[in-house]
Amino acid sequence: MFQFPYQQALQATADVHAMKERTAARQSVTTRSLTSYAGFPREYAKDILQVNLTDQQAATLELVSKPPYRLIERGGHSTGKTAKNAVWLSYLYDTLPKCFIIVTAPREETIANTIFRELRKLRMGAVARGKLKTDGFTGPRSLEMRSSEDHVCLGTTATNVH
């Protein structure tokens, strides 16, 4: 179809504006509420944490995102359980307006050296990329994320609970 030069210029301008709007919408992930990712753990992992989950990891997270919120999973070495669980904790913490998440293990070193190490790494990366405003941790080696009294993620052992 023939277009006059001014029509081509108008179309090019419209294309540029549309591209700018799409880019702004993608960048607004940092300004929009993270609660909009509720029910979409795979998208949260990809957009906010920049983690590409395997199909099995994503299926696991989607299963526990819906009632009855339970899952039995096989164990094993080097299967990605720790990384997936760190994504899950970050997802819950960011998408639930009120939460009290308790992470337990037999020893405190296990919590600190596995799940919370991975969680801290993911969240600090997201902060550095501007996807999160803060990592949420109460200290550099803390096993606690807290934004208010009713928004907490805490790592503990059975012997530490009083």
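Residues numbered from 1 in each chain as written. Predicted model: local features only at pLDDT ≥ 70, side-chain atom pairs only at ≥ 80, totals over all residues. Heavy atoms only, no water.

Q: Can you tell me about the nonpolar core, naming the residues and giving the values?
A: Considering soluble globular proteins, one finds that nonpolar side chains tend to be buried as a cluster. Ile48, Leu49, Val87, Ile101, Phe116 and Cys153 are the most contacted members of the largest nonpolar core, which totals 34 residues. Elements that contribute at least two residues to this core include exactly helix 2 (41-49), helix 3 (55-63), helix 4 (81-95), strand 1 (99-104) and helix 5 (108-128). With near-sequence residues (within four places) excluded, Phe116 lies in contact with Val103, Ile111, Phe137, Ser142, Leu143, Glu144, Cys153, Leu154 and Gly155. (Core = buried A, V, L, I, M, F, W, Y, C linked by side-chain atoms within 4.5 Å. Buried < 20%, exposed > 50% of the residue type's maximum accessible area, 1.4 Å probe, protein only. Helix = DSSP H or I, 4+ residues; strand = E, 2+ residues; numbered from the N terminus. Contact = heavy atoms within 4.5 Å.)

Q: Quick rundown of the sheet that holds strand 3 (residues 151-156)? Include the residues and the values.
A: Pairing is mixed in the open sheet, where three strands are placed in the order 1-3-2. Unpaired on one side and paired on the other, strand 1 and strand 2 (144-148) mark the two borders of the sheet. The mean inter-strand angle of the sheet, taken between neighbouring strand axes irrespective of direction, is 15 degrees. Across four bridges, the pairing between strand 2 and strand 3 is antiparallel. Following the sheet pairing, Ser148 is matched in strand 3 by His151. Its contacts with the sheet place helix 4 against strand 1, strand 2 and strand 3, and it is angled at close to 165 degrees to strand 1. Helix 5 contacts strand 1, strand 2 and strand 3 of the sheet and is inclined by roughly 145 degrees relative to strand 3. (Pairing = 2+ DSSP bridges. Axes fitted to C-alpha atoms, helices over the stretch in contact; angles between N-to-C directions.)

Keep in mind these numbers describe shape, not what the thing actually does.
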